[in-house]
Amino acid sequence: MHTKKNTAIALGLLTCLVLVLLVLPNIASAAIPSVWKWREALPQGNPLMKAAFGNEFVAVGKSGAILTSPDGVTWTKGTSGTNEDLSGISFGNGTYVAVGNAGTILTSSNGVIWTPQASGTTDDLFGVAFGAGKFVVTGSHGTILTSGTGSTWAATTFPFINPPSPTLLGVAFGNGTFVAVGVSFILTSADGVAWNSQPIDFTLDLQAVTFGNGQFVAVGRQGTILTSLTGVTWITRISGTSQDLFGAAFDGTNFTAVGGRGTILTSVDGLTWSVRTSGTTADLFGLAFGNGLWAAVGNNGQVLTSPNGTAWTARSTAQTDKYLLGSAFGNGTYVSVGEGGTILSSTNGITWTARISNTVNDFFGVAYGSGRFVAVGTLGEVVTSTDGIIWSHQGQTTTNDLFSIVFANNLFVAVGKGGTILTSTNGLTWTSAVHGPDLFGVAFGNGTFVAVGVAGEIMTSTNGASWTHLTGAPAVDDLLGVTFGNNLFVAVGSLGTILTSPTGAAWTARTSGVIDDLNSVAFGNGSYVAVGSYGTILTSSTGLTWTARASGTFTNQLIGVSFARGGFLALGSAGTILQSLVALNSIDFDGDGKADIAVWRPGNGNWYRINSSDNSIGMTQWGVATDNPVIGDFDGDGKGDIAVWRPSDGNWYILRSSDNGVTVTQWGVSTDIAVAGD
């Protein structure tokens, strides 16, 4: 699969008005999309590697991901303060300890506020356990660290001979003994400092170990399960699966192990194992037990819970785990398309629903025009829809893959493999031509279509039918996407390539500051946004100089980006959808992506607004004369919530737009100034 890829109405009664956040001017400085939020999967889509229970459930994962839950049912995305992958977590002595790549160690007393600790190593850390009054951490190159508090760490050494520096992936404590496991190794220690190597089949790749019911249970690749009473002598057990097993834990009565393709096994004694149905095909990497509930975590941010290890319920949501490759907006609807015939639709870019495409072919691009969506993909696949929900096949004008599509100047233009270019006025009947090298992106501006492709290929056309090859382009790397905005074409591609041109004829290379592939670029609200490999997001107000933004993932690939309703959507691997509303949502009451004119009248506490979507006038009573009006998207639904801050008691009174419910939060003293921000 190729991875490309105001109507102003005056209100009378001008006395005692407080003007609240009028309309943001359309200037680049006010519209930089610097904050991105997960929309798919939820609460986030980075792989979750391990979980622990102390005061509450805490799960950690790739790109510094942290989730917390008091009950295992409702999970909240936290902030770890690191972008490093987190691979292990344990709780002991009132402290959570999370460990990860490049020697990362974080500690927390509540799972919410985390403090980085100096580990004294740059080796990747994978396992952590608490026992005998201390934490023990294991990692790459045979790294073993110990700490009594989690804040001060000491390294211990073991004279590894073969292999000279093994990766130790898991560690557990029981019966006065620490056991560390990894690739071709099992170590034991009474104090976490002095270690002994135990006999093991060197072909074994052990991923995790736990202790319960008087014995250790180690799990690993290809369904491996070993048990031991002492950690010294190990017996191989029949797991009943050939899937890799990545995690194991004990709930006081039963063992549970998790692994690849949603594998879950349970055992009363650690000797005989039963395969359970998880309801997911996502790899599961870790699990924890607390408050009578199992919680298992895994790929794509997957979270499952079970009271008994047998029946499992999904607590995270994801419409797909496929690559999403292109998106478009039209007729009040967002549409995202991707791998395996995947089509999702949404009315707000926040809540998405999977639709039926009746094909397993990949979709690489989608556009809206002439009253319909048109998606294109593998083997010349073309499907259309007037509402983004029900889709119809339009046959195949070509058998070449189609990688991108645009609607402009009353014309659909699709481009693809072998220089294929299709044109259509309605998305139903198409004219095909072949012009040479593979083309990955197409855009329109200043009366010109521009198509870009392999090895720096650039073509231009004024009508979509007759095309001119550009010679002497400044790029030799593949160009994967192109957009037009603010009288400038911007093309992006492999190894961080960025080119700009005011006409499409003469191009200038720009410095992106990255070497990752840039797969797509879009323009809106005075900003260009480019996305790429390893969660790369770059923004620019000019197209000339670019700034890297935090996407929230370094694991997932970002393949497509589009602009609509005042915000950008970035999408990619594992069904990832990220949204940035460039701060407009704080004054957008009706969710159409445009700022709404509003006033608050202290005399009666009424809010008066003009909804930009239909020019209707709305009125809501909220607050008293001594309050301070504040607007923000406090519930994350993409619409502004009416709120006031009351200096007399320091309370924030928020009327949520999502469900018309009320949130009251005490924050601040009477002399403070209320400020809402994301």
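Attention in this report is confined to the structure presented alongside it.

1. A few points about the pattern of salt bridges
One side chain can pair with another of opposite charge once the charged atoms of both are near each other.
Phase 1: One pass over the full model with this rule turns up five salt bridges.
Phase 2: Between Lys62 and Asp85 there is a salt bridge, and its shortest N-O distance comes to 3.5 Å. Taken together, the residues Lys62 in the loop between β4 (57-61) and β5 (66-69) and Asp85 in the loop between β6 (76-77) and β7 (86-92) connect sequence positions 23 residues apart.
Phase 3: When its relative accessible area of 16% is taken as the criterion, Asp85 is described as buried.
Phase 4: In this structure, Asp627 engages Arg646 in a salt bridge whose closest nitrogen and oxygen atoms are separated by 2.7 Å. Residue Asp627 is found in the loop between β60 (617-621) and β61 (628-632), and its partner Arg646 is found in strand β62 (residues 641-646); the two are separated by 19 residues along the sequence. For the residue pair Asp627 and Arg646, the accessibility class agrees, reading buried in each case.
Phase 5: Salt bridges sharing partners connect three or more residues here, namely Asp205, Arg221 and Asp244.

2. Details of the sheet that holds strand β23 (residues 245-250)
Phase 1: The strand order across the open sheet formed by four strands is β23-β24-β25-β26, and the pairing between neighbours is antiparallel. Taken across any chain shown, the strands that pair with only one partner, and hence form the sheet edges, are β23 and β26 (274-276). Along the sheet, successive strands turn relative to each other by an average axial angle of 25°, direction set aside.
Phase 2: In terms of strand pairing, strand β25 (residues 264-267) meets β26 through three bridges, oriented antiparallel. By the bridge assignment for β26, Ile264 is matched with Arg276.

3. Regarding the packing of aromatic side chains
Phase 1: Across all of its chains, the model carries 28 aromatic pairs by this definition.
Phase 2: Judged by centre distance (4.6 Å) and plane angle (55°), the rings of Phe444 and Phe449 are tilted.
Phase 3: Aromatic ring contacts, followed pair by pair, group Phe53, Phe57 and Trp75 into a single cluster.
Phase 4: Geometry around Tyr653 places Arg646 over its ring, the cationic atom sitting 4.3 Å from the centre.

4. Side note on the environment of Trp645
Phase 1: Structurally, Trp645 is set in strand β62.
Phase 2: Note: C-alpha distance between Trp645 and Trp667 (22 residues apart in sequence) is 8.9 Å.
Phase 3: Within the structure, the side chain of Trp645 is placed 3.3 Å from the backbone oxygen of Gly650, a separation counted as a polar contact.
Phase 4: In terms of polar contacts, Trp645 uses its side chain to reach the backbone carbonyl oxygen of Trp667, at 3.1 Å.

5. As for the sheet that holds strand β46 (residues 468-469)
Phase 1: On the basis of which strands lie adjacent, the open sheet formed by four strands has the order β43-β44-β45-β46 and antiparallel pairing. A single partner strand is all that each edge strand has here, and the edge strands are β43 (439-445) and β46.
Phase 2: Pairing analysis gives two bridges linking strand β45 (residues 458-461) to β46, with the strands arranged antiparallel. Counterpart to Thr460 in the pairing with β46 is Thr468.

6. Considerations on the pairing of strand β64 (residues 662-666)
Phase 1: Two elements, strand β63 (residues 651-655) and β64, share five bridges in a ladder whose sense is antiparallel. Across the sheet, the residue bridging to Asn651 is Gln666, located in β64.
Phase 2: Connecting the antiparallel pair β63 and β64 is a turn made up of six residues, with Asn660 showing a positive phi of about 65°.

What counts and how
- Residues numbered from 1 in each chain as written.
- Predicted model: local features only at pLDDT ≥ 70, side-chain atom pairs only at ≥ 80, totals over all residues.
- Heavy atoms only, no water.
- Salt bridge = Lys/Arg side-chain N within 4 Å of Asp/Glu carboxyl O.
- Helix = DSSP H or I, 4+ residues; strand = E, 2+ residues; numbered from the N terminus.
- Buried < 20%, exposed > 50% of the residue type's maximum accessible area, 1.4 Å probe, protein only.
- Pairing = 2+ DSSP bridges.
- Axes fitted to C-alpha atoms, helices over the stretch in contact; angles between N-to-C directions.
- Phe/Tyr/Trp six-rings, centres within 6.5 Å; stacked < 30°, edge-to-face > 60°.
- Lys NZ or Arg CZ within 6 Å of the ring centre and 35° of its normal.
- Polar contact = N/O pair within 3.5 Å; in protein donor to acceptor, adjacent residues only side chain to side chain.

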